[in-house]
Amino acid sequence: MIRAVEEVLAGVPDGLFISGAWRPSNSKAVLAVRDPATGEIVKEIADATPEDGIAALDAAVDAAESWARTPARARGELLRRAFDLMQEQKEDFALLMSVEMGKPLAEARGEVVYGGEFLRWFGEEAVRISGRYGPNPEDTGRMIVSQHPVGPCFLITPWNFPLAMATRKIAPALAAGCTMVVKPAAATPLTTLMLVELLREAGLPDGVVNVVTTSSSSALSSPIISDARLRKLSFTGSTPVGQRLLQQAAENVLRTSMELGGNAPFIVFEDADLDKAVEGAIAAKFRNIGQACTAANRFIVHRSVMGEFVERVTARVEGFVVGRGTEPNVTIGPLIDEDAVKKTDMLVADAVSRGAVVVTGGERIDRVGSFYAPTVLTEIAPGSDILRDEIFGPVLAIAPFDTEDEAVGLANDTEYGLVSYVFTEDFTRGQRMIERLETGMMGLNVGVVSNAAAPFGGWKMSGLGREGGAEGIHEYLQTKYTLTPSPFG
């Protein structure tokens, strides 16, 4: 396995990808990428300067007109070829993600499937961009409504799903006819470098996708966002950073897509099928080691089933195998870095200081790497930080409720509104939850909602716009209305 890791890492380019070519940073500086399970440097890559960022934007601008005029069928077929190549290279992608991000290899393989689906889905959507034609109400003319690429885009991806978050932005932009500059997270840039090499192999024209890796995100991003030639900004990350980017984007009135923070409630009603609820809880909380914006953050459980639910999820959590993601049978890998461990520990400590009970876990693991014990907490008191802040760690925090109105009030008591999870066997109650919960997505008796064919996005402080689904390509299109004289005079 170690030899395979070394072989995969050796095949990952270490430069910036600008105008179809790999090149070093202007400063010749390098960015060290570490394995969070060991703390060791696994590869050094180019560390881009602001000048490199503008060079990447130059390339995207130069290629914009040609790519926009490329037939939709050709754009779709390129994405399909990329999908096929990803199936051939799926083990390499999975292993690379496991090394640079820490997720268990089985989950990394799942991300390859999920990430690849965006290539296939938007390859199919490319040929479905449509408009309309018809008379105006007065019948004095004919209205033509057409869709056009929005123009050069700047795509900023997060570290927690390094493949899927890249394909979820790149694929619709390509399908719509847009060129782009992609800036992956400094913690997990290698997967994006491998991805763009795959796109090049699939026939990507020079300058259409440009990738700049950097340790100084704001320094590189600011001049790109302030450049009048840029027309679209897409960002996945924290709400505070998203707010700052929106302020910058306002100067040039950029189209924006913002997939921001979450604080997902997970409601278990008294009539829930507890087999389904426990399975859903494990998936919604511990997928990606809890490091997902869709992770269940607040478990709101009816008092009558609280004891059994706690007992059953605790048994599952205590059966987890913690270790390096590439090791056999591991189910919980490391957190992304030491800061993530400290934040998780602080949230747990605050909850305990307010009366929470640690059923299992509740501390960092004493071993090399950034590991935190899978944890179950009960009796979470109102006002605890863990109810307000995204945990982004393997901590399942449970609070009781007695009535439906109380559950809804607790669930909606947050500035965020990305996703919610509800477990009930009462169909009518499920319908009420669709109406009452203030989230852009909801899982009804399921613990994972993400799908390339579905619109992903939130309400309130969880963001703007949608990624995936039929809606996803429209984030990269702009509408033109043309009036022509009536053909009948």
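Cut-offs used in this document
As a convention, each chain's residues are numbered from 1 in the sequence order in which they are written. Where totals are concerned, whole chains, interfaces and linings use all residues; where local detail is concerned, this predicted model gives features only for residues with pLDDT of at least 70, and gives and counts side-chain atom pairs only at 80 or more. Values reported for side chains reflect all heavy atoms of the structure, with hydrogen atoms and water molecules removed beforehand. Stacked, tilted and edge-to-face are the three classes assigned to paired rings of Phe, Tyr and Trp, where Trp is represented by its six-membered ring and a pair needs centres within 6.5 Å; plane angles under 30 degrees give stacked, over 60 edge-to-face, the rest tilted. Secondary structure elements are defined from DSSP: runs of H or I of at least 4 residues count as helices, runs of E of at least 2 residues count as strands, and each element is numbered from the N terminus. Residue burial is assigned from relative accessible area. The probe radius is 1.4 Å, only protein chains are included, and a residue is buried under 20% of its type maximum, exposed over 50%, and partly exposed in between. Pairing between two strands requires that DSSP report at least two bridges joining them. All axes here are fitted lines through C-alpha atoms, helices being fitted over the stretch that makes contact, and every angle between N-to-C directions spans 0 to 180 degrees. Counted as a polar contact is a pair of N or O atoms within 3.5 Å, where, for protein atoms, one must be capable of donating a hydrogen and the other of accepting one, and residues adjacent in sequence contribute only when both atoms are in side chains. The criterion used for residue contact is that any of the two residues' heavy atoms lie within 4.5 Å.

S.K.: Explain the packing of aromatic side chains to me, and be specific about the residues and the numbers.
M.R.: For the structure on display, the rule yields 9 aromatic pairs. Between F269 and F401 the ring centres are 5.5 Å apart and the planes differ by 85 degrees, which places this aromatic pair in the edge-to-face class. Of this pair, F269 sits in the loop between β12 (264-268) and α10 (274-286) while F401 is found in strand β16 (residues 395-401), placing the two residues 132 residues apart along the sequence. No difference in accessibility class separates F269 from F401, as the two residues are buried. Connected via pairs of aromatic rings, a cluster forms that spans F266, F299, F309, Y421 and F423.

S.K.: If you had to explain the sheet that holds β16 to someone new, which residues and values would you point to?
M.R.: Spatially, the 7 strands line up as an open sheet ordered β14-β15-β16-β13-β12-β18-β19, and their pairing is mixed. With partners counted over all chains shown, the strands left at the sheet margins are β14 (357-360) and β19 (441-444), one partner each. Adjacent strand axes in the sheet meet at a mean angle of 25 degrees, parallel and antiparallel pairs treated alike. Taken together, the 4 bridges between strand β18 (residues 419-423) and β19 define a ladder with parallel strand orientation. Residue pairing in the sheet places S420 in a bridge with M442 of β19.

S.K.: Give a description of the side chain of N263 that names residues and reports values.
M.R.: Considering the arrangement of structural elements, one finds N263 in the loop between β11 (255-259) and β12. Judged by relative accessible area, which is 4%, N263 ranks as buried. One polar contact links N263 to N297, side chain to side chain, over a distance of 2.8 Å. Here N263 is in contact with N297, R298, L387, R388, T414 and Y416, once residues within four sequence places are set aside.

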